[in-house]
Protein chains: 2
Amino acid sequence: MDPSRPESIPDPAVRRISLYLRQLEAFSRKDRRTVSSKQLGESLSLTDAQVRKDLAYFGQFGHPGIGYNVDELITKLRQALGTDKTWNVLLVGAGNLGRALMAYRGFESKGFKLVAVFDGDASKIGKQAGPHLIQPLTELGRTTRAQSIRVAIVAVPAEAAQDVADQLVEAGIRGILNFAPVSLNVPASVTVNSVDLAVQMEQISFAVSLSSIGQPP
Amino acid sequence: MDPSRPESIPDPAVRRISLYLRQLEAFSRKDRRTVSSKQLGESLSLTDAQVRKDLAYFGQFGHPGIGYNVDELITKLRQALGTDKTWNVLLVGAGNLGRALMAYRGFESKGFKLVAVFDGDASKIGKQAGPHLIQPLTELGRTTRAQSIRVAIVAVPAEAAQDVADQLVEAGIRGILNFAPVSLNVPASVTVNSVDLAVQMEQISFAVSLSSIGQPP
């Protein structure tokens, strides 16, 4: 068994691995060479025990009396997350949000390269979206195979999202980042992460409403 | 005590309230009048018991033998989330992602109205960003008071985000939707929800990498 690819890591631990990586990259930019589990946890409000437990899922990285080597740990965590290589990604939905995501530079710096753009609206097909020609959904299978794409971003209206998801699964997509405000039904072999921006805002309005009770407006 | 504003609702329940609301809105668009807890839970892969428990935090809405009245429940849940009124929202960061979020129509339809845009880059001040003139951060306090803004969206680079958050808190902002890939330290009276798009993608690449082990490439 490959120790960098364990089978039973809890989701919250995987999420924290991303946060550790973000923090380690910040340390590396400041030319820091080593870090302790306490220092790594501090800025994320986590205990050193939690940090050590999470990292232990992926192997033994610490050096007694020294801590973790920053660049070595970055390399190992990227391997663990699968971002030591570049992933070709496709986008479905060339509307406002889709174009915004195309312009967002935070994906490519983390190993995700947008290589194809699709839209279900016939009037958009063949038009330019940044460096990409917008393709019809009928090309999904061919493009996915030709460019070895396994991950897709869905930025279509709620009512179109399940149909798009079905076509993505059919085309061989294995992971979907979904911005449509709807739950997608996919086979267990396909991973969906949903980002519903309105839900995020509602959580904030709920908390702010609560904390304001009894206070002057 | 106002039963629509309870103090001790777990975060996951609040998040599910948003999902119920999304589902109820879909039912309402299809002119559906009533729904059972089972039907409401089904599309979200939740049990009817979970649905009833979550809704019970906010009051007794069900009608024996009939289920929930769709439009009545929508009204009650919007009141509970604080989105029965419109929230004025400000945006800090008029870069690619910020402009994308400005163009995103999903916020306003849920009760969040973007009324002011700020940027720390002096060269952007006074320029147009959609319908808004970009303001300097020195105007935060004045604008926040003048327009009764309590919620902010942060779409600035990681290295600027904490400083921006400090200024937002100082200006009276009580809730922050943070897109900068960094943890923000704020007082307990301020709510932060972070959306790190690269973290979301890393979770997907991790899952897809895992599920591909032993499979042909």
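Residues numbered from 1 in each chain as written. Chains lettered and ligands numbered in written order. Predicted model: local features only at pLDDT ≥ 70, side-chain atom pairs only at ≥ 80, totals over all residues. Heavy atoms only, no water.

Quick look at the overall build of chain A
Heads up, the rule is: The helix and strand labels rest on DSSP assignments: H or I over at least four residues marks a helix, E over at least two residues marks a strand, and numbering proceeds from the N terminus. Accessibility here uses a 1.4 Å probe with only protein chains present; expressed as a share of the type maximum, an area under 20% marks a residue as buried, one over 50% as exposed, and anything in between as partly exposed. We call two residues in contact when some of their heavy atoms are within 4.5 Å. Note that accessible areas follow from Shrake-Rupley with a 1.4 Å probe, and for residues the cover is restricted to the protein chains shown. Here Asp and Glu are counted as negative and Lys and Arg as positive; His is not counted, and neither are the chain ends. A charge is said to be at NZ when it belongs to Lys, at CZ for Arg, at CG for Asp and at CD for Glu.
Along its length, chain A carries 8 helices and 9 strands. Projected onto its principal axes, the C-alpha positions of chain A cover 65 × 55 × 35 Å. Counting only residues that meet the buried cut, chain A has 51% of its 217 residues in that class. Intrachain contacts of chain A at a sequence separation of at least 6 include 57% that bridge at least 24 residues. Just so you have it, chain A exposes about 10,200 Å², and 50% of that area is on carbon and sulfur atoms. Averaging the locations of the 24 positively and 21 negatively charged side chains of chain A gives two centres separated by 6 Å.

Points about the domain arrangement of chain A
As a reminder of what qualifies: Boundary definitions for the domains trace back to an automatic or database domain assignment.
Here the domain parsing of chain A yields domain 1 (11–80) and domain 2 (87–200). Once you take the C-alpha centre of each, domain 1 of chain A and domain 2 of chain A turn out to be 31 Å apart.

Side note on unusual backbone geometry
Positive phi is not limited to glycine here, since Ser45(A) has a value of about 55°. Phi at Ser148(B) takes a positive value of approximately 50°, unusual for a residue other than glycine. Within the secondary structure layout, Ser148(B) lies in the loop between helix H6 (140–146) and strand S7 (151–154).

Quick notes on the packing of helix H1 (residues 11–29) of chain A against helix H8 (residues 197–211) of chain B
Applied cut-off: In this analysis, axes come from line fits to C-alpha atoms, helices being fitted only over the stretch in contact, and the angle between any two N-to-C directions falls in the range 0 to 180 degrees. In this scheme, roughly parallel covers angles under 35 degrees and roughly antiparallel covers those over 145, while 65 to 115 is roughly perpendicular and the rest are oblique. Crossing chirality is assigned from the near helix's rotation relative to the far helix, an anticlockwise turn below a right angle marking it left-handed and a clockwise turn marking it right-handed. The nonpolar class holds Ala, Val, Leu, Ile, Met, Phe, Trp, Tyr, Cys and Pro. Asp, Glu, Lys and Arg form the charged class, and all remaining residues, Gly among them, are polar.
At a closest axis distance of 10 Å, the pairing of H1(A) and H8(B) adopts a crossing angle of 125°. Relative to H8(B), the element H1(A) lies oblique. Here the hand of the crossing between H1(A) and H8(B) comes out right-handed. The segment H1(A) lies against H8(B), with Asp11(A), Val14(A), Arg15(A), Ser18(A), Leu19(A), Leu21(A) and Arg22(A) engaging Ala198(B), Val199(B), Gln200(B), Glu202(B), Gln203(B) and Phe206(B). Here the contact of H1(A) with H8(B) is composed, by residue class, of 6 nonpolar, 3 polar and 4 charged.

Details of the interface of chain B and chain A
Applicable threshold: When two parts are put together, the accessible area they lose, computed with a 1.4 Å probe and summed over both, is reported as buried area. For this document, the term salt bridge refers to a Lys or Arg side-chain nitrogen within 4 Å of an Asp or Glu carboxyl oxygen. Here a polar contact is recorded for every N or O atom pair within 3.5 Å, except that within protein the pair must consist of a potential hydrogen donor and a potential acceptor, and residues adjacent in sequence are included only if both atoms are side-chain atoms.
Listed as interface residues are 64 residues of chain B and, on the opposing side, 64 residues of chain A. Buried area between chain B and chain A, both sides added, is near 5,800 Å², and the carbon and sulfur share of it is 62%. It is Met201(B), Glu202(B) and Phe206(B) that lose the most area in chain B upon contact with chain A, and together they represent 12% of the buried surface on that side. Counting across the interface, chain B meets chain A through 4 salt bridges. Of the charged contacts in the structure, one is a salt bridge between Asp196(A) and Arg22(B), with a shortest N-O distance of 3.7 Å. Linking chain B to chain A there are 16 residue pairs in polar contact (both at pLDDT 80 or more). Within the residue set of the side of chain B that touches chain A, elements represented by two or more residues are helix H1 (11–29), helix H4 (70–81), strand S3 (87–92), helix H5 (96–103), S7, strand S8 (175–178), strand S9 (191–194) and H8 of chain B. A total of 15 residues in the side of chain B that touches chain A trace back to one element, the largest contributor, which is H8(B). Within the side of chain B that touches chain A, the residues separate by chemical class into 35 nonpolar, 18 polar and 11 charged.

Observations concerning the relation of the copies chain B and chain A
Both copies of the chain are placed relative to one another by a rotation about an axis and a shift along it. Worth spelling out the cut-off: The copies were overlaid with a least-squares fit restricted to C-alpha atoms from residues scoring a pLDDT of at least 70 in each copy.
By a simple turn and slide, chain B fits onto chain A: the slide is 0.0 Å along the axis, the RMSD is 0.0 Å, and the turn is 180°. Taken together, the turn and the small shift mark the pair as related by a two-fold rotation axis. Taking the C-alpha atom as reference, chain B places Ala100(B) closest to the rotation axis, 2.2 Å from it. Of the residues that chain B buries at the interface, 100% are likewise interface residues in chain A, meaning the two copies contact each other through the same surface.

A short note on the nonpolar core
The following threshold applies: We call a set of buried residues a nonpolar core when its members are Ala, Val, Leu, Ile, Met, Phe, Trp, Tyr or Cys and they connect through side-chain atoms within 4.5 Å of each other.
Judged by nonpolar contacts, the single largest core of 47 residues is most densely connected at Phe107(A), Ile153(A), Phe107(B), Ile153(B) and Met201(B). With residues up to four places along the chain from it excluded, the contact list for Met201(B) reads Val89(A), Phe107(A), Phe112(A), Val151(A), Ile153(A) and Leu177(A).

A closer look at the sheet that holds strand S8 (residues 175–178) of chain A
Cut-off, in case you're wondering: DSSP bridges decide pairing: two strands pair if at least two such bridges lie between them.
Judged by pairing direction, the sheet is mixed, and its 7 strands sit side by side in the order S5-S6-S4-S3-S7-S8-S9 (chain A) without closing on themselves. Each end of this open sheet is capped by a strand with a single partner; those strands are strand S5 (128–129) and strand S9 (191–194) of chain A. Relative to S8(A), strand S7 (residues 151–154) of chain A is paired through 4 bridges, and the arrangement is parallel. Each residue of the ladder has a partner; that of Val154(A), found in S8(A), is Asn178(A). Its contacts with the sheet place H8(B) against strand S3 (87–92), strand S4 (112–118), S7, S8 and S9 of chain A, and it is angled at close to 160° to S8(A).

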